[in-house]
Amino acid sequence: MIQKGKARTFPNHPNDINTDYIISGRYKFKIQDPNELATHVMEDLDPNFFKRVEKGDFIVAGNNFGCGSSREQAPMAIKYANISAVIANSFARIFYRNCFNLGLPAIEADTSGIEEGDELELDMDAGILKNKTKNKEIKIAPVPKTMQTLLADGGLVEHFKKHDGFKV
Amino acid sequence: MGKTIAEKILSNHSGKDAHAGDIVIADLDFMIGQDGTSGVAIDSFRKMSAKKVADPSKIAIIIDHSSPSPNQGVSAIHKKIREFAAEQKIKLYDIGCGVCHQITPEQGHCVPGDLVIGADSHTCTYGAINVFSTGIGSTDLAAGMISGKLWFKVPETLKVVYKGKLPKGIYSKDLILNLIGKIGADGATYMALEIDGDAINEMSVDARFTISNMAIECGAKCGIMKADKKVMDWVAKHSKRKPGPIEADKDAKYKQVIEIDAAKLEPQIAKPHTVDNTCGVSEVVGTPIQQGFIGTCTNGRLEDFQIAANILKGKKVADGCRLIIAPASKDIMLDMIKDGAYQTLVEAGAVAVTPGCGPCVGTHNGVPSDGENVISTANRNFKGRMGNPNSFIYLASPATVAASVIEGKIADPRKYL
C-alpha cells in the first residue's frame, strides 16, 4: 500500500520531541476522548499544528522522536489527528512500540532533506519514501518483523484477539 | 557466551537461552499502572474482550499522578480505575499512598531477579534492587494483565562503572545527571544500563533508586544494579517474597563500558528544556529561582528530605521564593514526621503536599507562572512539564534545591554542609 501526504515538520525543534510536547500532561490526564485529545497534539511546540494537518499527512522529525513518558495518548493523539505515519531518523523505544500497538507506522529514515509541505509517498512494502517535491527517493529502515505483524493485524488489540495472545 | 543481568533475567522468564537481539515472550512477576495510563489500559482490556486478569495478585494500580483529583475529568478516570480494581480484585493504592515507583518496591511487590512492567516510563526505578523493570504503554499493560506475559526484544547492555568516592555535597542525582549529559537523551536507546562501581557500593539503596529511575532519560530500557548485602537487607525488610538475585557473568558481552570518576564531580544541574542539557552548578550559580520542589519518584525518599532538612534547619526560604515538598509515599511522610525532617522543612517555609507525584507532571500542586524559574529534584524539565510552557525548570539534587531556595537563586550546596 502506498500512503500519500504532506510532510509536517518542526524546523525549530527537529530532535528529541518528547511525549509531553506531543500531548501535554495537562490534557492527557483529563481528556479520555481521543478525538478531543488530538486537537491538542503538538500544541506546546506549535499551537496551530492540529489546524494545519490534512488527512494522511506525515509527521517528519529528526532524532529520538517520542522520548520521555510512556503515555499511549501520544501516538493516539497523532493517529486521531489523521496523521498516517511518523517518519524520523530515530525513535525512543516506548513510543516506537506504542505506535505499532495502535497500528500507527513509525518509520526510520534519513529525514534531513525533507522540508515542511513536501509531498511524500510512503511505500512500506518496497521500503521506499518518495519526496515528490524534491524528486528524491529515500530508503527506509526495514520494519522489524514483530512490528510488521502487529501492523498487519491492525494493532495489538486486534492481534491479541485474533491469536488469543501474542504470536510474534 | 557469558550473559548480562538483562539477558539472564529474560532467559529465566522465557525458558529460552536469550541473547541481545532475540525476541522472547516472558512471564511477568508483577505489573503496575497509574492514573494517567490505567484508563487507556482498561479501555484496551475491554476492547480485547477480556473478562478477567490472569492473576490479580501480580497487579497493582496506583493513583498518584493527579491525586487527589483536581477536576471532573480526572475524577472520571479515577472512578473508572477504582471500579476496575474492585471488579478484578486488583490491589489499588488510592490517593495519598504515594508514587507508584516508591510503592512497588516499598510494599514488597518486587524482589531481585524479577521481571516487572509498568505503564509509566520510570518503571526502570526497581533496577536498583536487581529487578529487570521497564516502562510500556497502556495496551501492553492490558495484554500483560490478560495473559501474564509480554514480548520483549532482549537489549544490548551498556555498562557504567562509577569509580572513586563521592565527594561531600555530591549525590546519586549528580551522578545520573552527569551521565545523561555525557551520553545524551538517546545515548542508551534500546539498551539496558548495568550500573556498578565503588561509588554505588558506598551509597544507600534509596540513593541508588535515584540513578535507576533516570535510566529512561538517556533512552535505556532498564537501569539495573547487582543485589549486594544492602539490597538483600532492604528487600528482606520490605517483602515476604523470596528473592532470586542475578549477577552478570564475568565474560558477559557489553555494547560499551563507560568508567566515570565520581570523586571529580561537582553538583550537577540540568538546564531547561532537556535533561541532557547539563552543567556544573558553578555555571548557573545566581540564576533567580521562584519555586523549589523536592519530591517525586526520583528524590522523594526519607534520605532526600533529611539532606534538605539539614541544610534548611534554622533557615528560611527566601522572600519571593516558594518551596513545595511531596513525600514519595505515606510511609516516608510518617518516617519524616518521626525523624523531625517534616517539621524542620515546614518551619523553614516549605509547603507539604499529598504523598504522590506532586507538581512534577503539571496537573496540580504548584503550576509555575509565565517566566518563572523552578529548581526541582524531578527527572524531567521538558518545556511545559509542570503545566506551563512559558516557565523554566532546572533539575538538581535535594541539597542543591535546598541551598537554592535559601538564597532565592541557584546556589552551590557545599557551602551549607
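Visitor: How do you make sense of the overall build of chain A when you look at a structure like this?
Guide: On a plain count of helices and strands, chain A comes out with eight helices and seven strands. Taking 168 residues into account, the globule formula puts the C-alpha radius of gyration at 15 Å, and chain A, at 15 Å, falls close to it. In terms of principal-axis extent, the alpha carbons of chain A reach across some 45 × 40 × 25 Å. Counted over contacts in chain A with a minimum sequence separation of 6, partners at least 24 positions apart contribute 62%. In chain A, the 22 positive side-chain charges and the 23 negative ones have mean positions that sit 3 Å from each other.

Visitor: Quick question: what am I supposed to make of the sheet that holds strand β6 (residues 132-135) of chain B here?
Guide: Strand pairing in a sheet takes place through backbone hydrogen bonds and is either antiparallel or parallel in direction. Residue and element names in this part refer to chain B. An order of β4-β3-β2-β5-β6 is seen for the five strands of this open sheet, with the pairing classed as parallel. The sheet terminates laterally at β4 (91-93) and β6, the two strands that pair on one side only. Across the sheet, the mean angle from the axis of one strand to that of its neighbour is 20°, orientation sign disregarded. Sheet topology places strand β2 (residues 30-34) next to strand β5 (residues 115-119); four bridges connect them, and they run parallel. Bridge pairing in β5 places Met31 opposite Ile117. In the packing of helix α3 (residues 72-88) onto the sheet, the strands contacted are β2, β3 (59-62) and β4, and the crossing angle to β4 comes to about 150°.

Visitor: Help me out: how do you make sense of the interface of chain A and chain B in this one?
Guide: By convention, interface size is frequently given as the accessible area that disappears when the constituent parts associate. Each partner contributes to the interface: chain A provides 40 residues, whereas chain B provides 54 residues. Each partner contributes to the roughly 3,800 Å² buried at the junction of chain A and chain B, and carbon and sulfur atoms together form 59% of this total. Looking at the side of chain A facing chain B, the largest losses of area belong to Phe29, Arg93 and Arg97 of chain A, adding up to 21% of the total buried there. Inspection of the chain A/chain B interface yields two salt bridges. For Arg97 of chain A, the salt bridge identified is with Asp140 of chain B, shortest N-O distance 2.7 Å. Taken together, the connections running from chain A to chain B amount to 17 residue pairs in polar contact (both at pLDDT 80 or more). Among the secondary structure elements, those contributing two or more residues to the side of chain A that touches chain B are α1 (19-22), α2 (25-28), α5 (73-80), α6 (93-101), α7 (145-153) and α8 (156-163) of chain A. In terms of residue count, α6 of chain A provides more of the side of chain A that touches chain B than any other element does, six residues in total. Among the residues forming the side of chain A that touches chain B, the class breakdown is 15 nonpolar, 13 polar and 12 charged.

Criteria and cut-off values
The residue numbering used here restarts from 1 in each chain and proceeds along that chain's sequence as written. Chains carry letters from A onward and ligands carry numbers from 1 onward, assigned in written order. Per-residue local features are limited, in this predicted model, to residues with pLDDT of at least 70; the limit for side-chain atom pairs, both in listing and counting, is 80 or more; totals at the level of whole chains, interfaces and linings are taken over all residues. Water and hydrogen atoms were dropped before computing side-chain values, which therefore reflect all heavy atoms in the structure. In DSSP terms, a helix is any run of H or I states spanning at least four residues, a strand is any run of E spanning at least two, and both are numbered starting from the N terminus. As defined in this context, the radius of gyration uses C-alpha atoms, and a globule is described by 2.2 Å times the residue total to the power 0.38. Note on contacts: a residue pair is in contact if any heavy atoms of the two residues lie within 4.5 Å. Positive charge is attributed to Lys and Arg, negative charge to Asp and Glu, and no charge count is given to His or to the chain ends. Where a charge lies is defined by one atom per residue type: Lys uses NZ, Arg uses CZ, Asp uses CG and Glu uses CD. Strands qualify as paired when DSSP identifies two bridges or more between them. In this description, a line fitted to the C-alpha atoms serves as the axis of each element, helices being fitted only across the stretch in contact, and the angle between N-to-C directions of two axes falls anywhere from 0 to 180 degrees. Take the accessible area each of two parts loses on contact, using a 1.4 Å probe, and add the two losses: that sum is the buried area. Each salt bridge in this description consists of a side-chain nitrogen of Lys or Arg and a carboxyl oxygen of Asp or Glu lying within 4 Å of one another. Polar contacts, as counted here, are pairs of nitrogen or oxygen atoms within 3.5 Å of one another; within protein the pair requires one atom able to donate a hydrogen and one able to accept it, and residues that are adjacent in sequence qualify only if both atoms are side-chain atoms. All amino acids are sorted into three groups, where Ala, Val, Leu, Ile, Met, Phe, Trp, Tyr, Cys and Pro are nonpolar, Asp, Glu, Lys and Arg are charged, and the leftover types, Gly among them, are polar.

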